[in-house]
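# Residue-level structural notes
Each chain is listed here by its residues.
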Amino acid sequence: MSGNEQKYINEAFETNWIAPLGPNVDAFEREIALYIGASEAVAVSSGTAAIHLALSLLEVVKGDKVFCSTLTFIASANPIIYQGAEPIFIDSEPETWNMSPEALENAFEDAITDGDLPKAVIVVNLYGQSAKMDEITSICNHYGVPIIEDAAESLGSVYKGKASGTFGKFGVFSFNGNKIITTSGGGMLVSDDREALQKARFLATQARDAAPHYQHSQIGFNYRLSNILAGIGRAQLGVLEDRITARRAIFQRYFEDLSSLPGFTFMPELTDTFSNRWLTALTINEKEAGISVKEILRSLSEENIEARPVWKPLHLQPVFEKKKYYPHNTQESVSETLFNNGLCLPSGSNMTEKDIDTVIHYIKKAVIYRKERVDMFSVK
Ligand SMILES: *Cc1c(COP(=O)(O)O)cnc(C)c1O
């Protein structure tokens, strides 16, 4: 928290706006829309809820197909299942770690052959890095299929001068506790289609018809954000730029100290894009580095330092075992390579220089120790 949140919470209490609507909700929506340059925004209870609403608005129903990035958190795809639709997973490409336009094109060509185009394409911006939106948009426009941009991890990132989250028919943000700014739990659905967002508000408040009695001609959801949490969001938005500066500095610090180690390759930042560097992520080539990601994770964990592998691709998840998947090309499944070799380092905005130095120290120690052991046991 930044310290300013209490002011907005107090306001909510003093005015007794303790509801999933109120002045903080309205203001938070306006401020997010203004910040990213979208026409309008709807504050909801989570990023997952925002994706679910987007799919509902695009009338994704039972039996429909939806294309979705495979290298992501499961929340990107779960709402496809909520709608009874069928996810088809699309691989990453190496320059952004995000959706491969080549794999996407292949998936579309098959869909055309089968006469079964998807109803939507969910594109994720992993760890703050924007996907190749020009290429992806051009493919989706060609086939006339709308994009839902899952920008849950990329608030504040920019792609060719335009804010992340504003490329699709709908954009989605998350304010879950682990995101770059948080309301403890919350999300935002954004769009330039005001009519669609009006419908989103209706669906998110149990689809209540305009009548004095409670009348419903459609099934809705209870998905609105509380006025208290929206107050937290407003204060958080005020420090978003500081958070991005902090995260980028953390990335830079790791990069300067670790990128020269053999086999260590940091997540790229595509030309003309600006990543919020939500998490510092890198890959470790075990052969060159002499140590595996697993071993580094273990060494850090022994020092009570929490690091994580990269997201496990959704097409490898037991729950999605039988779902279709399109790799980057016939030789290469990029998401699987990233999963096998990828590592996310501690990246919290409040990390001190000393914290970062400690992480770097134990990574270097693990590498050197491992190398010495290998040298000791190898027959000369
Ligand atoms: C966090 C996250 C979500 C879900 O957001 P919640 O607010 O936790 O529901 C969706 N997609 C991605 C890529 C995320 O990282």
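Residues numbered from 1 in each chain as written. Predicted model: local features only at pLDDT ≥ 70, side-chain atom pairs only at ≥ 80, totals over all residues. Heavy atoms only, no water.

Okay, the nonpolar core next. Residues I32, Y127, L155 and M188 are the most contacted members of the largest nonpolar core, which totals 35 residues. Of all the elements in the fold, those that place two or more residues in this core are α2 (23–36), β1 (40–44), β9 (187–191), α8 (227–237), α9 (240–258) and α12 (334–341). When residues are assigned to domains, this core turns out to be shared by domain 1 (5–240) and domain 2 (241–377), each giving three or more. Not counting residues up to four positions away in its chain, the partners in contact with I32 are A41, L155, F175, M188, V190 and L237. Grouped together as the second largest cluster of nonpolar side chains are 33 residues, I51, A77, I148 and A204 included. (Core = buried A, V, L, I, M, F, W, Y, C linked by side-chain atoms within 4.5 Å. Buried < 20%, exposed > 50% of the residue type's maximum accessible area, 1.4 Å probe, protein only. Helix = DSSP H or I, 4+ residues; strand = E, 2+ residues; numbered from the N terminus. Domains from an automatic or database assignment. Contact = heavy atoms within 4.5 Å.)

This part covers the domain arrangement of the protein. Structurally, the protein comprises domain 1 (5–240) and domain 2 (241–377). One C-alpha centre belongs to domain 1, the other to domain 2, and the line joining them spans 27 Å. Summing the contributions of domain 1 and of domain 2, the shared interface buries around 4,000 Å²; its carbon and sulfur component is 63%. Taken as a group, F89, W97 and Y127 account for 21% of the area that domain 1 buries against domain 2, more than any other trio of residues on that side. (Buried area = accessible area lost by both parts, 1.4 Å probe.)

Spatially, β1-β9-β8-β5-β4-β2-β3-β14 is the arrangement adopted by the eight strands of the open sheet, whose pairing is mixed. Of all the strands in the sheet, the pair left with one neighbour each is β1 and β14 (325–326). Across four bridges, strand β4 (residues 120–124) lies against strand β5 (residues 147–150) in parallel orientation. Bridge assignment links V124 to a residue of β5, and that residue is D150. (Pairing = 2+ DSSP bridges.)

In this structure, W97 is a non-glycine residue whose phi angle is positive, near 70 degrees. Following the sequence through the fold, W97 ends up in the loop between β3 (86–90) and α5 (101–114). Its identity is not glycine, yet Y127 carries a phi of approximately 50 degrees, on the positive side. On the secondary structure map, Y127 appears in the loop between β4 and α6 (133–143). Of the residues examined, Y127 reaches a relative accessible area of 2% and is grouped as buried.

Below, the discussion takes up the pairing of β9. Counting buried positions along β9 gives five out of five residues, so the element sits mostly inside the fold. Bridge analysis of strand β8 (residues 170–174) against β9 gives four bridges, and the strand direction is antiparallel. Of the residues in β9, the one forming a bridge with S174 is G187.

Let us now look at the packing of aromatic side chains. The final tally for this structure, using the stated rule, is eleven aromatic pairs. Both rings, one in F28 and one in F175, keep their centres 5.1 Å apart while their planes meet at 50 degrees; by these two values the pair is tilted. Of this pair, F28 sits in helix α2 while F175 sits in the loop between β8 and β9, and the two are 147 residues apart along the sequence. F175 carries the same exposure label as F28, and that label is buried. Three or more aromatic residues joined by ring pairs form one cluster here, namely F67, F108 and Y143. The ring of Y214 carries R208 above its face, with NZ or CZ at 3.8 Å from the centroid. If you follow R277 out to its NZ or CZ, it ends over the ring of F251, 3.5 Å from the centre. (Phe/Tyr/Trp six-rings, centres within 6.5 Å; stacked < 30°, edge-to-face > 60°. Lys NZ or Arg CZ within 6 Å of the ring centre and 35° of its normal.)

Around the ligand, the structure places 15 residues, and the nearest of them are T48, D150, E153, S174 and K179. In this structure, S76 approaches the ligand through a side-chain N or O atom, which is 3.5 Å from a nitrogen atom. Between an oxygen atom of the ligand and a side-chain N or O atom of K179, the distance comes to 3.3 Å. Here the ligand, which alone exposes 380 Å², has 94% of that area covered by the protein. Along the lines of polarity and charge, the residues of the shell around the ligand split into four nonpolar, eight polar and three charged. (Near = heavy atom within 4 Å. Polar contact = N/O pair within 3.5 Å; in protein donor to acceptor, adjacent residues only side chain to side chain. Areas by Shrake-Rupley, 256 points an atom, 1.4 Å probe, with all protein chains shown as cover. Nonpolar A, V, L, I, M, F, W, Y, C, P; charged D, E, K, R; others polar.)

Judged by pairing direction, the sheet is antiparallel, and its three strands sit side by side in the order β7-β6-β11 without closing on themselves. Of all strands in the sheet, those with a lone pairing partner are β7 (162–163) and β11 (273–274), marking the two edges.

Attention shifts here to the packing of helix α1 (residues 5–14) against α8. Where α1 contacts α8, the axes come no closer than 8 Å and their chain directions differ by 150 degrees. The orientation of α1 relative to α8 falls into the category roughly antiparallel. In this structure, the crossing between α1 and α8 has a hand that is right-handed. Packed against α1, whose contacting residues are E5, Y8, I9, A12 and F13, the element α8 presents N227, I228, G231, I232, R234, A235 and Q236 at the interface. For the contact of α1 with α8, a count of residues per class yields seven nonpolar, three polar and two charged. (Axes fitted to C-alpha atoms, helices over the stretch in contact; angles between N-to-C directions. Parallel < 35°, antiparallel > 145°, perpendicular 65-115°, else oblique. Left-handed = near helix turned anticlockwise from the far one by under 90°.)

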